[in-house]
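Analysis of the macromolecular model
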Amino acid sequence: MPVTWQQVLLEYQRDWARKETYDAVIGLVKEHSGAYGVGVEYAYTMVHGAPPSNEKTRAIAHA
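**Section: the packing of helix α1 (residues 5-13) against helix α2 (residues 19-32)**
α2 packs onto α1 with a crossing angle of 165 degrees between their chain directions and a minimal axis gap of 11 Å. With respect to α2, the element α1 is oriented roughly antiparallel. Taken as a pair, α1 and α2 cross one another with a handedness that is left-handed. Residues W5, Q6, L9 and Q13 of α1 form the contact with α2, whose own contacting residues are T21, Y22, V25, L28, V29 and H32. The residue inventory of the contact of α1 with α2, partitioned by class, reads six nonpolar, four polar and no charged.

Pasting the structure below:
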């Protein structure tokens, strides 16, 4: 059965009470998981009241 890297990552993290790896896993998800990462950011900021991530959006400058 085919699986994605996200499924494997979330299986490894499985226990979200494990604080040793929690922040690193969430960082990967926010940076590389597209809409799922946006959902995680939303949950952090809107539901849990956390400040927004420090990641800045990058604009492409036209010459």
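**Quick look at the side chain of Q13**
Looking at the element boundaries, Q13 is found in helix α1. Each residue touching Q13, except ones within four places of it in the same chain, is listed here: R18, T21, Y22 and V25.

**Considering the pattern of salt bridges**
Overall, the coordinates contain three salt bridges when judged by the stated rule. Residues E11 and R14 are paired through a salt bridge, measuring 3.4 Å at the closest nitrogen-oxygen approach. Across the pair K30 and E41 runs a salt bridge, and its minimum N-O distance is 3.0 Å. One end of the pair, K30, is in helix α2; the other, E41, is in helix α3 (residues 34-47), with eleven residues separating them in the sequence.

**A short note on the packing of α2 against α3**
Closest axis-to-axis distance for the α2/α3 pair is 6 Å, and the angle between their directions is 125 degrees. In terms of orientation, α2 lies oblique with respect to α3. Crossing hand, α2 versus α3: left-handed. Residues Y22, I26, V29, K30 and H32 of α2 form the contact with α3, whose own contacting residues are G34, Y36, G37, V40, E41 and Y44.

**Things to note about α2**
Over its 14 residues, α2 runs 20 Å from end to end, which matches the ideal 20 Å to within 8%, given 1.5 Å per residue. Turning to α2, its buried residues are Y22, V25, I26, V29 and K30. Projected down its long axis, α2 shows its buried positions confined to an angular sector of 130 degrees, all on one face. Relative to its buried face, α2 has exposed residues pointing more than 90 degrees away, namely E20, D23, A24 and E31. Contacts from the buried residues of α2 go to α1 and α3. Positive phi appears at G34, one or two residues downstream of α2, with a value of about 55 degrees.

The rules behind each value
Residues numbered from 1 in each chain as written. Predicted model: local features only at pLDDT ≥ 70, side-chain atom pairs only at ≥ 80, totals over all residues. Heavy atoms only, no water. Axes fitted to C-alpha atoms, helices over the stretch in contact; angles between N-to-C directions. Helix = DSSP H or I, 4+ residues; strand = E, 2+ residues; numbered from the N terminus. Parallel < 35°, antiparallel > 145°, perpendicular 65-115°, else oblique. Left-handed = near helix turned anticlockwise from the far one by under 90°. Contact = heavy atoms within 4.5 Å. Nonpolar A, V, L, I, M, F, W, Y, C, P; charged D, E, K, R; others polar. Salt bridge = Lys/Arg side-chain N within 4 Å of Asp/Glu carboxyl O. Expected span 1.5 Å × (residues − 1). Buried < 20%, exposed > 50% of the residue type's maximum accessible area, 1.4 Å probe, protein only. Arc of directions from axis to C-beta.

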